[in-house]
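# Understanding the architecture of this molecule
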Amino acid sequence: MLRQYFTLEGTGVAAYNDNVPALQEVSRANQLLKNTTEKRDGRYTTGLLWAEDEVCFPDSLPMAKRRLLALERKLEKDEHLQKEVYDQVQMYIEKGFEHEATNEELVEAPRDRTKTCGDIEKMFHQVRIRQQDTRQRFLFRLNRNDPPKTYLMDVATFGATCSPCSAQYVMHLNADQHKETYPEASAAIKLKTYMDDYFDSCDTVEEANMRAKQVQFIHSQAGFNMRNWLSNVRKALEGLQGFGRSQTKSIEIGQREPFPRVLGLIWDTTTDTIKFATKWQPDLKPYATGERRPTKRIVLRIVISLFDPLGLKSPALIHGRIIMQDLWRSGIDWDAELSDPEFRKWQRRVGLLPGLQELSIPRWFFLNAASIDYSNIQLHVFTDASELGYGCAAYLRMVSGTNIHCSLVMARSKVAPLKHLSIPRLELEAALLGARLMNTVSESLEFQIVQKYIHTDSEVVLSWIRSPTREFKQFVACRVGEILTLTELNHWRHVPSKENPADCLTKWCKETAILQNGMWLHGPQFLYQPETAWPPQKFIQPTTEEQRGYVMVHVAVDDNRINLDAERFSKWRVLVRTIAILQRFVTNCKRKAEGRSLLTLKPTKLQQRCIKKHIPAVQTPLSSEEYERAETLIWRFTQEEAYPSEVRKLRDDLGKEPHAPGELERCSPLYALTPYADEHGVLRVSSRICRAKQIEYNTRYPIILPEKHSITLLLVKDYHHRFRHANRETVVNELRQRFHIKHLRSCVSSVMKKC
């Protein structure tokens, strides 16, 4: 199942369907429903959807007896559960959902179709099963001293695979019977009912009240009882049967009263907004908050448990699926804990979840708009891909007078397939997903879309779309062909990556932590500008060639790296000031290139000539921040010289949490110190004292320095002079409050002897 979850084409939006013939099983099911469904005494009766006309099952009576005994042992341990089960069975008997089988029925009913049933949904119980198909039997007894009795189910049950299909067919058939009298309500039932939930929207309170009453009446003609009505306007539901009952489907996310749940989403009817819950079961909470290290199995439970049918929180969820795929690819055991690098990724990912609870997304796309202009609505889809995944997001843009409103409609994201694909091909997958999403959204909305646009930052994809598909390889040709079937060439536009909201679906960025007023929920800034101010479109040359991958060798240059000969300095303070002045020079070079004023200590002759050339200079002494940056550079230089391999390994996880140090070889001189690299790349010690939050940061995480390095000796000498050539323990104590130097006492003694 997990392998299928990560397949390439499992996108969650419908692919293009050009009148593909129905499967034989579907045709058979439709024919059975048509031939066996009829209305009797105000209720519909239908037949079960057997896969074959003659089916032989093994005798399940012994298994049913064993399950009955097991159930009775369980109920004996829980009196409350026992009462609920007995009351439920008794209620089913009283309402005619089931009855005790007579001897004649047991003889007539072939034993090879006996099966046990489970939990029951009341919607299914309104659909009766024709007599020749009432073969679903179960054993039960209200008294342990009585022999087990056999009961027959007279209605569709939750345990039967065909029950949802049968119930939907009956509901649609009943709606069709009233389409002439109530055309709008009949159409609404067929288009806006999702299993047993009806979700609709109207422009006025009066229209909503009338629609709801008509829908309720039509359902009542088939025995369906609509209840638990909800609305963002209470007046719209007054007078409805079943209005005002306690809601059985609600979620509590920290507020005083639980919010109702509609189609799996939390709906705050007072503000007419959608919210998300991040409450966890007690056994999962420590792992979902990053307090405990999860196993592969627990990671899967948490990742799959987050429900997001519209993809509104995709940026925060896609990274969980990426971690799950990495664990799947690594082949670790299901009950093995995550390694340190994987756990750090997991902690960063679960750190996004609390922020989801604070989100409040308007249910109506243009909730705050002063007026609605349906004649000027555009649909914008953005696509993007990386080696980690690909995705797309759809936005509605409405121009009403001088006001422009944009809102996220739907999004889809997918991790990159286990089989490696090139970036251009992944970008093409994202483009195809975007084309399908545009088609799905357009067909789902009730109002007309005036203009449609699909934005991508891939010039290769735009080039492929403009080229003859017959000259491509099969992978590209099939996808380009479907894209051209779903879209027009004038729909496609190039967009810079920084203005592409889908970028947060494929890589970690600021918008990954979804912001209430950020680009993800409201679209890029250029959509709020006139079309003349949108990113300009450049000419894309059509091509049928796929880009080949090349391996490029490059050297990363660290702007903060210095080449320092500490032997040339006799005083620590002179060294720090010299580095600070060099940094000031680099800063001035950048400011000069930008045409900004120079920061000088005391203008030199060269600087004075620059001033004469109308480049202003401001006499500014070195600041404390500049001195601190100079010291940071010196610490980095010292550690790079003394511990090169440790620095390279630890800086790969730059800025990670101190309590999760990187793994070093046991032979490393720093192994026992559990070091980590802070946000500046300086190696520090992580020990038990770090838990003392009241102590200063440098004392809890002292900087690591080699004992015999020339810079370390300059530092010790400076402390010795600063404290008036005091005794050794005073200098040792002061140094230990900020630095970790091995054999510090002997180092201080050596400096004191040379003083």
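Our subject is the structure listed above.
Right, let's walk through the structure included here. (Residues numbered from 1 in each chain as written. Predicted model: local features only at pLDDT ≥ 70, side-chain atom pairs only at ≥ 80, totals over all residues. Heavy atoms only, no water.)

## So, the overall build of the chain
Put simply, the rule reads: What counts as a helix is a DSSP run of H or I of at least four residues, what counts as a strand is a run of E of at least two, and both are numbered from the N terminus. Summary of the burial criterion: residues with accessible area below 20% of their type's maximum are buried, those above 50% are exposed, and those between are partly exposed, where the area comes from a 1.4 Å probe applied to protein chains only. Residue contacts follow a heavy-atom distance rule, with two residues in contact if any of their heavy atoms lie within 4.5 Å. The method behind every accessible area is Shrake-Rupley, applied with a 1.4 Å probe, and residues are considered shielded solely by the protein chains displayed.
Assigned secondary structure in the chain consists of 26 helices and 24 strands. Split into buried and exposed, the 755 residues of the chain put 45% on the buried side. Of all intrachain contacts in the chain linking residues separated by at least 6 positions in sequence, the fraction that spans at least 24 positions is 67%. Total accessible area on the chain stands at roughly 42400 Å², and carbon and sulfur atoms take up 51% of it.

## A look at the packing of helix H19 (residues 572–593) against helix H24 (residues 710–722)
For clarity, the threshold we go by: Axes, fitted as lines to C-alpha atoms, cover a helix only where it is in contact. Angles between the N-to-C directions of the axes lie from 0 to 180 degrees. Geometric relationships in this document are graded by angle, where less than 35 degrees denotes roughly parallel, more than 145 denotes roughly antiparallel, 65 to 115 denotes roughly perpendicular, and other angles denote oblique. Residue polarity follows a fixed list, in which Ala, Val, Leu, Ile, Met, Phe, Trp, Tyr, Cys and Pro are nonpolar, Asp, Glu, Lys and Arg are charged, and the others, Gly among them, are polar.
Between H19 and H24, the shortest axis-to-axis distance is 8 Å and the interhelical angle comes to 120°. One finds that H19 runs oblique with respect to H24. The residues of H24 that touch H19, namely those facing Trp 572, Arg 573 and Leu 575, are Ile 711, Leu 714, Leu 715, Asp 718 and Arg 722. Within the contact of H19 with H24, the residues separate by chemical class into 5 nonpolar, no polar and 3 charged.

## A few points about helix H12 (residues 314–330)
What counts, and what does not: Between the first and last residue of a helix there are one fewer steps than residues, each counted as 1.5 Å, and that sum is the expected span.
End to end, H12 covers 24 Å across 17 residues, agreeing with the expected 24 Å (1.5 Å per residue, within 8%). In terms of residue burial, H12 counts as a mostly covered element, since 13 of its 17 residues are buried. Two residues or fewer past H12, Gly 331 is found with a positive phi of approximately 80°.

## Observations concerning the pairing of strand E14 (residues 377–385)
What counts is decided by this rule: Strands are treated as partners if at least two bridges between them are detected by DSSP.
Burial analysis of E14 places 9 of its 9 residues in the buried class, which makes it a mostly covered element. The side-chain alternation of E14 yields two buried faces, one formed by Ile 377, Leu 379, Val 381, Thr 383 and Ala 385 and the other by Gln 378, His 380, Phe 382 and Asp 384. Two successive antiparallel strands, E14 and strand E15 (residues 389–400), enclose a turn made up of 3 residues.

## A few points about the nonpolar core
Test applied: Take the buried Ala, Val, Leu, Ile, Met, Phe, Trp, Tyr and Cys residues and link them wherever side-chain atoms come within 4.5 Å; each set so joined is a nonpolar core.
Among the nonpolar cores identified, the biggest contains 46 residues, and Ile 302, Trp 346 and Trp 520 are the most heavily contacted of them. By residue number, the principal contributor to this core is H12, which donates 5 residues. If we ignore the near neighbours within four places in the chain, the residues touching Ile 302 are Trp 280, Leu 284, Tyr 287, Ala 288, Trp 346 and Arg 349. Counting residues in hydrophobic clusters, the runner-up holds 44 residues, among them Ala 416, Val 460, Val 461 and Ala 477.

## Comments concerning the packing of helix H15 (residues 423–444) against helix H17 (residues 474–486)
To be explicit about the condition: A clockwise turn of the near helix away from the far one marks a right-handed crossing, whereas an anticlockwise turn of less than a right angle marks a left-handed crossing.
Contact geometry of H15 with H17 gives a least axis separation of 9 Å together with a crossing angle of 25°. Judged by the inter-axis angle, H15 sits roughly parallel to H17. The interaxial crossing formed by H15 with H17 has left-handed handedness. Mapping the contact onto sequence places Arg 425, Leu 428, Glu 429, Ala 431, Leu 432, Ala 435, Arg 436, Met 438 and Asn 439 in H15 and Phe 475, Val 476, Arg 479, Val 480, Glu 482, Ile 483 and Leu 486 in H17. Of the residues belonging to the contact of H15 with H17, the class tally is 10 nonpolar, 1 polar and 5 charged.

## Considering the sheet that holds strand E3 (residues 98–100)
As summarised here, the arrangement of the 3 strands in space is E3-E6-E5, forming an open sheet in which the pairing is antiparallel. Pairing within the sheet leaves two strands with one partner each, and these edge strands are E3 and strand E5 (137–140). Ignoring strand direction, the axes of neighbouring strands in this sheet form an average angle of 35°. Note that E3 and strand E6 (residues 149–153) share 3 bridges and pair antiparallel. Bridge pairing links Glu 98 to Met 153 in E6.

## Details of the sheet that holds strand E18 (residues 492–494)
Taking strand neighbours across the sheet as the criterion, the 5 strands line up as E16-E15-E14-E17-E18 in an open arrangement whose pairing is mixed. Each edge of the sheet is formed by a strand with only one pairing partner; in this case those strands are strand E16 (403–415) and E18. The sheet shows a mean angle of 25° between the axes of neighbouring strands, taken without regard to direction. Where E14 and E15 come together, 9 bridges link them in antiparallel fashion. What sits directly across from Ala 385, in E15, is Tyr 390. Each of E14, E15, E16, strand E17 (451–456) and E18 touches H15; the most contacted strand, E14, lies at about 155° to it.

## Topic: the pairing of E17
As judged from the 6 bridges shared by E14 and E17, these two strands associate in the parallel manner. The residue of E17 that forms the bridge with Val 381 is Ile 454. In the sheet, E17 pairs with E18 via 3 bridges, with the strands oriented parallel. Across the sheet, residue His 455 finds its bridge partner in E18, namely Arg 493.

## Remarks on unusual backbone geometry
Although it is not a glycine, Arg 724 sits at a positive phi angle of roughly 60°. Counting through the fold element by element, Arg 724 comes out in the loop between H24 and helix H25 (728–736). Backbone geometry at His 743 places phi at a positive 55°, although glycine is not the residue there. Residue position: His 743 is located in the loop between strand E24 (739–741) and helix H26 (744–754). Accessibility expressed as a relative area gives 48% for His 743, which makes it partly exposed.

## Overview of the side chain of Asn 588
Within the fold, Asn 588 resides in helix H19. Once residues lying within four places of it in the same chain are set aside, the contact partners of Asn 588 are Leu 598 and Leu 599.

## With respect to the pattern of salt bridges
Rules: For this analysis, a salt bridge means a side-chain nitrogen from Lys or Arg found within 4 Å of a carboxyl oxygen belonging to Asp or Glu.
The final tally for this structure, using the stated rule, is 26 salt bridges. In this structure, the salt-bridge partner of Arg 293 is Asp 340, at a minimum N-O distance of 2.9 Å. In this pair, Arg 293 is assigned in the loop between helix H10 (285–288) and helix H11 (296–305) and Asp 340 in helix H13 (residues 340–350), connecting sequence segments 47 residues apart. For Arg 596, the salt bridge identified is with Glu 594, shortest N-O distance 2.8 Å. Arg 596 gets classed as partly exposed once you look at its relative accessible area, which sits at 40%. Linked through salt bridges whose partners overlap, the residues forming this network are Glu 184, Lys 192, Asp 200, Glu 207, Arg 211 and Glu 446.

## So, the packing of aromatic side chains
Inclusion rule: Note on aromatic contacts: the rings of Phe and Tyr and the six-membered ring of Trp form a pair at centre separations within 6.5 Å, being stacked when their planes are under 30 degrees apart, edge-to-face when over 60 apart, and tilted otherwise.
A complete count under the given rule lists 20 aromatic pairs for this structure. Arranged with centres 5.8 Å apart and planes meeting at 80°, the rings of Phe 382 and Tyr 395 form a pair that is edge-to-face. Taken together, the residues span a long stretch of sequence, with Phe 382 in strand E14 and Tyr 395 in strand E15 at a distance of 13 residues. Grouping residues by exposure puts Phe 382 and Tyr 395 together as buried. Taken together, a centroid distance of 5.0 Å and an interplanar angle of 50° make the contact between Tyr 697 and Tyr 701 tilted. A relative accessible area of 32% means that Tyr 697 is categorised as partly exposed.

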